[in-house]
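Structural description and commentary
Chain by chain, the residues run as shown.
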Amino acid sequence: IDLNDAVKVDDQEALDAALENIGENDIILLSGGTYELSATVSGDLTIVGTGNVVIEAVDATSVSGIYMNSGNLTVSGVDFVAGSTEGYARGIHTAGGYNGTITVVDCTFDGLTTGIFLNGCNNITVESCTFTDCTAGIGVDSLTGTLQITDCTFSGNGEDIGIGAGVSAGDKVI
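Residues numbered from 1 in each chain as written. Predicted model: local features only at pLDDT ≥ 70, side-chain atom pairs only at ≥ 80, totals over all residues. Heavy atoms only, no water.

Examining the pairing of strand E15 (residues 136–140)
The side chains of a regular strand alternate between both faces of the sheet. Inclusion rule: Only protein chains enter the calculation, and the probe is 1.4 Å; a residue is then buried if its accessible area is under 20% of its type maximum, exposed if over 50%, and partly exposed in between. Strands here are runs of E lasting at least two residues and helices are runs of H or I lasting at least four, both read from the DSSP assignment and numbered beginning at the N terminus. Strands were regarded as paired on the criterion that DSSP finds at least two bridges between them.
For E15, the tally of buried residues reaches five of five residues, placing the bulk of the element in the interior. As paired strands, strand E12 (residues 114–118) and E15 are joined by four bridges and run parallel to one another. Within E15, the residue paired with Leu118 across the bridge is Val140. As defined by bridge partners, E15 adjoins strand E18 (residues 159–163) across four bridges and the pair is classed as parallel. Bridged to Gly139 within E18 is Gly162.

A look at the nonpolar core
Put simply, the test is: Joining through side-chain atoms within 4.5 Å is the link that ties buried Ala, Val, Leu, Ile, Met, Phe, Trp, Tyr and Cys residues into a set, and such a set is a nonpolar core. The contact definition used throughout considers only heavy atoms, calling two residues in contact when any of these lie within 4.5 Å.
Counting 43 residues, the largest nonpolar core has Ile66, Phe80, Ile92, Ile102, Phe109 and Ile116 as the members making the most contacts within it. Per element, the largest residue contribution to this core is four residues, and it comes from strand E3 (residues 33–42). Setting aside chain neighbours within four positions, we find Phe109 in contact with Phe80, Gly91, Ile92, Val104, Gly115, Ile116, Cys129, Thr130, Phe131, Thr132 and Cys134.

Regarding the state of the cysteines
For clarity, the cut-off: Any pair of cysteine sulfurs within 2.5 Å is marked as a disulfide.
Overall, the coordinates contain zero disulfides when judged by the stated rule. Sulfur of Cys107: no disulfide; nearest cysteine sulfur belongs to Cys129 and is 4.9 Å away. Note on Cys107: relative accessible area 1%, which makes it buried. Between Cys152, a cysteine without a disulfide, and Cys129, which holds the nearest cysteine sulfur, the sulfur-to-sulfur distance is 4.8 Å. Residue classification places Cys152 among the buried residues on the basis of a relative accessible area of 18%.

Let's talk about the sheet that holds strand E8 (residues 79–82)
For the record, the criterion: In this analysis an axis means a line fitted to C-alpha atoms, helices contributing only their contacting stretch, and an angle means the value between N-to-C directions, from 0 to 180 degrees.
Pairing is parallel in the open sheet, where 11 strands are placed in the order E17-E14-E11-E8-E5-E3-E6-E9-E12-E15-E18. At either end of the open sheet lies a strand with only one pairing partner, and these are strand E17 (153–155) and E18. Each neighbouring strand pair of the sheet contributes to a mean axis angle of 15°, computed without reference to strand direction. Sheet topology places E3 next to strand E6 (residues 65–70); five bridges connect them, and they run parallel. In the strand pairing of E6, Ser38 is matched with Gly65.

Now the structure itself:
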């Protein structure tokens, strides 16, 4: 990842503006701090946390955290936690029929309804992440490719990895 073209974000207003103006292959470099997030993303996006970056998943009536509608997502160095929600608090989740690729590296998911929820996904890689005290660490309802989980830690979750009826025998979870 070339961070020279990254949008540098150091407050909530700058993050909101960056997410509203996502172009092709945008990179957001998040400085240490706490950010509230309930964003629908349609486009390729990379989020890189520098320092202690906390994303509070809020407004969970339909969207909380990062909701991928289309495009590809890469996230690294971010701690996802439940913010003020009245419904589901999810760190990262996908729309039904989503067919992009997601890569999550060196992130934590703490106290969420679901850390990562896949209602559709082509391929996802989750590496060196920690899922703690979530109802489900990773929930998979639909998958058309491969879910690869490497060097992750699961602790105190109701369910570490939940595989739903929409995952067929041809899908790969490794």
